[in-house]
2 protein chains.
Amino acid sequence: MNKDKIGTIMIVGLGHIGGSLSLAIKKTYKDKVKIIGVDRNKKTLLQAKKTKKFAALLSAPRAKEVEASDVIFLCVSIKQIPTILKSLSKTKLKQNAVVTDVVSTKEEILSLAKKFLPKKTTFVGGHPIAGSEASGFLSANPKLFEKKIFIAAGAKGRRAGILKIKSIWKGVGSKVVNMSPKEHDKIFSLLSHTPHVLSFGLGKITNSKLSKKEIDGYAGTSYKDLTRISSSSTSLWAEIFISNKKNLLADIALFKRYLVDLEKAIRKNNNRQIIKAINQTTRKP
Amino acid sequence: MNKDKIGTIMIVGLGHIGGSLSLAIKKTYKDKVKIIGVDRNKKTLLQAKKTKKFAALLSAPRAKEVEASDVIFLCVSIKQIPTILKSLSKTKLKQNAVVTDVVSTKEEILSLAKKFLPKKTTFVGGHPIAGSEASGFLSANPKLFEKKIFIAAGAKGRRAGILKIKSIWKGVGSKVVNMSPKEHDKIFSLLSHTPHVLSFGLGKITNSKLSKKEIDGYAGTSYKDLTRISSSSTSLWAEIFISNKKNLLADIALFKRYLVDLEKAIRKNNNRQIIKAINQTTRKP
């Protein structure tokens, strides 16, 4: 992309992802870009202000700034998306404006974009595979997306707008991959949402049976690795679980069946049956 | 401990733990120690021989060398322990000989030691919290136990022998902690055995539904962290699961109940109920 043409970018939600994206875009495009930061949290706005990377900072996507924006990144949780899309649709969005997001499920977001955004407005569903258990603007890192995958999954509107979003993600160092929203949600139920289900559960059960002293004193790397993401935001993950309900319930059901098989084999002291229960059969390729 | 008095140490099983322990002891005690390595695998013996750290290498604990040993470390899986204890008990073990182990469960090992070893022989149940998904002598690392916890859980026999084992673990850099075998097995069902159950299950289900290309291409750190230990030896872990059957079945039952609660909340799209299901309540202190 021609760096001269990047224009004005509004980033709604300045948490770990939105904050990192703001800093990454500013780092890449410097004076070729104007970044308008939006966050409902006053403390976050003050933290963002200190970086001097933002042309403006607002507590809500005000019409004047929305109407000046070429690209609008929605970096909020899925629950806040309908309200924001509605408010955007009430403004005179630019002719070539592109709206895009970073939420962890892609089927629901595309249907919301189709429902709420004007027909002429381009929308690109996006998912940078770069999150962590961190949250908040103070954890923002301009290098967060370098050498990471960005998945474009689902879009409506102009091809040029779709390419513009992919180009920005390439600009901040990510490798861009295309996928259908359906495929995306199936894959990430297993690669991200189910791991969170398991991690939250292990942390919960262990903390209910052992004291903090016992856990801190004796946990090895296996426990630490498995519970790292259990410190993630529970309200954010509750929304993700609901948004990917169909796939996630199917995967939880498979997991329960696995536990039942394993229990039976352990109860019988049957080594071979346990090995069969825990052994992976890798699909080709 | 007086380093001059460490004497002859036999290490039965030269895998990741036994191999690392051999190298760590040699590194600490140098010429004050003679290490006799035992492994039924010929390849392992050849790999061990190349290090030139062993005074002798045998494919089984032969009477002559057993009778010369001051300390015998059993670094094999729990399943092989009864056979080895039986063969040791048929030799003229030294008057002050100490037998000790490194297996991941401690109630069963102590009862096996009491059953099979001569009354006069001291036994110390031990668990270095330093394992990983690695296996085999080639993964041996003399620094593996540095700044790690060693748990002494269950012993029979002479106090001097018990202190000697703890002293060796301190010598290789570990912090020594005492615990009852019962307490140990309850704690490690949650901190190690259940994490392995979850990791094996996640790897199995994901590999049954996604291709290797999809997993390798899109997995972020959450999936990678949660499945790292699923590459551990399934036969070793089958034995551990059986050995800690009572605690592990109780913890799996709790996990199933957690999944059922979570399923219900997701099915109802109930954010608050999901947050309640995944939220940790930390016990004091």
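Every value quoted in this text rests on a predicted model; they were computed, and no experiment measured them.

As a further point, take the overall build of chain A. When helices and strands are tallied, chain A shows 12 helices and 8 strands. Expressed along its principal axes, the backbone C-alpha trace of chain A runs to roughly 70 × 40 × 30 Å. Across the 285 residues in chain A, those meeting the buried criterion constitute 58%. Excluding contacts between residues fewer than 6 apart, the proportion of contacts in chain A whose partners are at least 24 apart in sequence is 75%. Approximately 12,600 Å² of chain A is accessible, and the part contributed by carbon and sulfur atoms is 52%. Distance between charge centres in chain A, computed from 55 positive and 20 negative side chains, equals 3 Å.

Here we take up the packing of helix H11 (residues 245-267) of chain A against helix H11 (residues 245-267) of chain B. Put simply, H11(A) and H11(B) touch, their axes get as near as 10 Å, and they point 160° apart. By the angle between their directions, the pair H11(A) and H11(B) is classed as roughly antiparallel. Two packed elements cross with a definite hand, and for H11(A) against H11(B) that hand is left-handed.

This part takes up the pattern of salt bridges. Per the counting criterion, the structure on display carries 16 salt bridges over all chains. Note that Asp70(A) and Lys94(A) form a salt bridge whose closest N and O atoms lie 2.8 Å from each other. Within this pair, whereas Asp70(A) is found in the loop between helix H3 (63-68) and strand E4 (71-74), its partner Lys94(A) is found in the loop between helix H4 (81-89) and strand E5 (98-101), the two being separated by 24 residues in sequence. When the shortest N-O distance is used, the salt bridge between Lys209(A) and Asp251(B) registers 2.7 Å. Within this pair, whereas Lys209(A) is found in helix H7 (residues 181-209), its partner Asp251(B) is found in helix H11, the two belonging to separate chains. In this structure Lys209(A) comes out as partly exposed when scored by relative accessible area, which is 23%.

What follows concerns the interface of chain B and chain A. Taken together, the contact between chain B and chain A spans 85 residues of the former and 84 residues of the latter. Summed over both partners, the interface of chain B with chain A buries about 7,700 Å², with 67% contributed by carbon and sulfur atoms. At the boundary of chain B with chain A, the tally comes to 6 salt bridges. Among the salt bridges present, the one from Lys256(B) reaches Glu263(A), with a minimum N-O distance of 2.7 Å. On the surface where chain B and chain A come into contact, there are 24 residue pairs in polar contact (both at pLDDT 80 or more). Elements that contribute at least two residues to the side of chain B that touches chain A include exactly strand E7 (149-156), helix H7 (181-209), helix H8 (212-218), helix H9 (221-227), helix H10 (234-243), H11 and helix H12 (271-278) of chain B. In the side of chain B that touches chain A, the residues fall into 41 nonpolar, 25 polar and 19 charged.

In a beta sheet, neighbouring strands pair by backbone hydrogen bonds and run either parallel or antiparallel. Residue and element names in this part refer to chain B. Pairing in this open sheet of 8 strands is mixed, and the strands run E3-E2-E1-E4-E5-E6-E7-E8 from one edge to the other. Unpaired on one side and paired on the other, strand E3 (56-58) and strand E8 (175-178) mark the two borders of the sheet. Going across the sheet, the axis of each strand differs from the next one's by a mean of 25°, ignoring polarity. Examined bridge by bridge, strand E1 (residues 7-12) and strand E2 (residues 33-38) share 6 bridges and lie parallel to one another. The residue of E2 that forms the bridge with Thr 8 is Lys 34. The strands touched by H7 within the sheet are strand E6 (122-128) and E7, with E7 carrying the most contacts at an inclination of about 140°.

Across its 14 residues, helix H1 (residues 16-29) of chain A extends 20 Å between first and last C-alpha, which sits within 8% of the 20 Å expected from 1.5 Å per residue. The buried count for H1(A) comes to 13 of 14 residues, which makes it a mostly enclosed element.

Attention shifts here to the packing of aromatic side chains. The geometry of two aromatic rings is summed up by the distance between their centres and the angle between their planes. All names here are of chain A. For the coordinates displayed, the defined rule picks out 15 aromatic pairs over all chains. Ring plane angle 80° and centroid distance 6.1 Å describe the contact between Phe 73 and Trp 169, whose orientation is recorded as edge-to-face. Of this pair, Phe 73 sits in strand E4 while Trp 169 sits in helix H6 (residues 159-171), placing them 96 residues apart in sequence. When its relative accessible area of 0% is taken as the criterion, Phe 73 is described as buried. Residue Trp 169 is classed as buried on the basis of its relative accessible area of 0%. An aromatic cluster is defined as three or more aromatic residues linked by ring pairs; in this entry it consists of Phe 73, Phe 145, Phe 150 and Trp 169.

Further remarks concern the nonpolar core. Ranked by size, the top nonpolar core spans 78 residues in total, and within it Phe241(A), Leu262(A), Phe241(B) and Leu262(B) carry the most contacts. In contact with Phe241(A), not counting residues within four places along its chain, are His193(A), His196(A), Val197(A), Phe200(A), Leu248(A), Leu262(B), Ile266(B), Ile274(B) and Ile278(B).

Residues and elements named next belong to chain B. Judged by which residues are buried, strand E4 (residues 71-74) turns out to be covered on both faces: Val 71 and Phe 73 on one side and Ile 72 and Leu 74 on the other are all buried. Pairing analysis gives 4 bridges linking E1 to E4, with the strands arranged parallel. In the sheet register, Ile 9 faces E4, and the bridge partner there is Val 71. Of the pairings in the sheet, the one linking E4 to strand E5 (residues 98-101) comprises 4 bridges and is parallel in character. Paired with Ile 72 across the strands is Val 99, a residue of E5. Handedness of the crossover joining E4 and E5 through helix H4 (residues 81-89): right-handed.

What counts and what doesn't
- Residues numbered from 1 in each chain as written.
- Chains lettered and ligands numbered in written order.
- Predicted model: local features only at pLDDT ≥ 70, side-chain atom pairs only at ≥ 80, totals over all residues.
- Heavy atoms only, no water.
- Helix = DSSP H or I, 4+ residues; strand = E, 2+ residues; numbered from the N terminus.
- Buried < 20%, exposed > 50% of the residue type's maximum accessible area, 1.4 Å probe, protein only.
- Contact = heavy atoms within 4.5 Å.
- Areas by Shrake-Rupley, 256 points an atom, 1.4 Å probe, with all protein chains shown as cover.
- Lys, Arg positive; Asp, Glu negative; His and termini not counted.
- Charge placed at Lys NZ, Arg CZ, Asp CG, Glu CD.
- Axes fitted to C-alpha atoms, helices over the stretch in contact; angles between N-to-C directions.
- Parallel < 35°, antiparallel > 145°, perpendicular 65-115°, else oblique.
- Left-handed = near helix turned anticlockwise from the far one by under 90°.
- Salt bridge = Lys/Arg side-chain N within 4 Å of Asp/Glu carboxyl O.
- Buried area = accessible area lost by both parts, 1.4 Å probe.
- Polar contact = N/O pair within 3.5 Å; in protein donor to acceptor, adjacent residues only side chain to side chain.
- Nonpolar A, V, L, I, M, F, W, Y, C, P; charged D, E, K, R; others polar.
- Pairing = 2+ DSSP bridges.
- Expected span 1.5 Å × (residues − 1).
- Phe/Tyr/Trp six-rings, centres within 6.5 Å; stacked < 30°, edge-to-face > 60°.
- Core = buried A, V, L, I, M, F, W, Y, C linked by side-chain atoms within 4.5 Å.
- Right-handed = clockwise from strand over helix to strand, strands pointing away.

So far we have only geometry, and geometry alone does not tell us how the molecule works.
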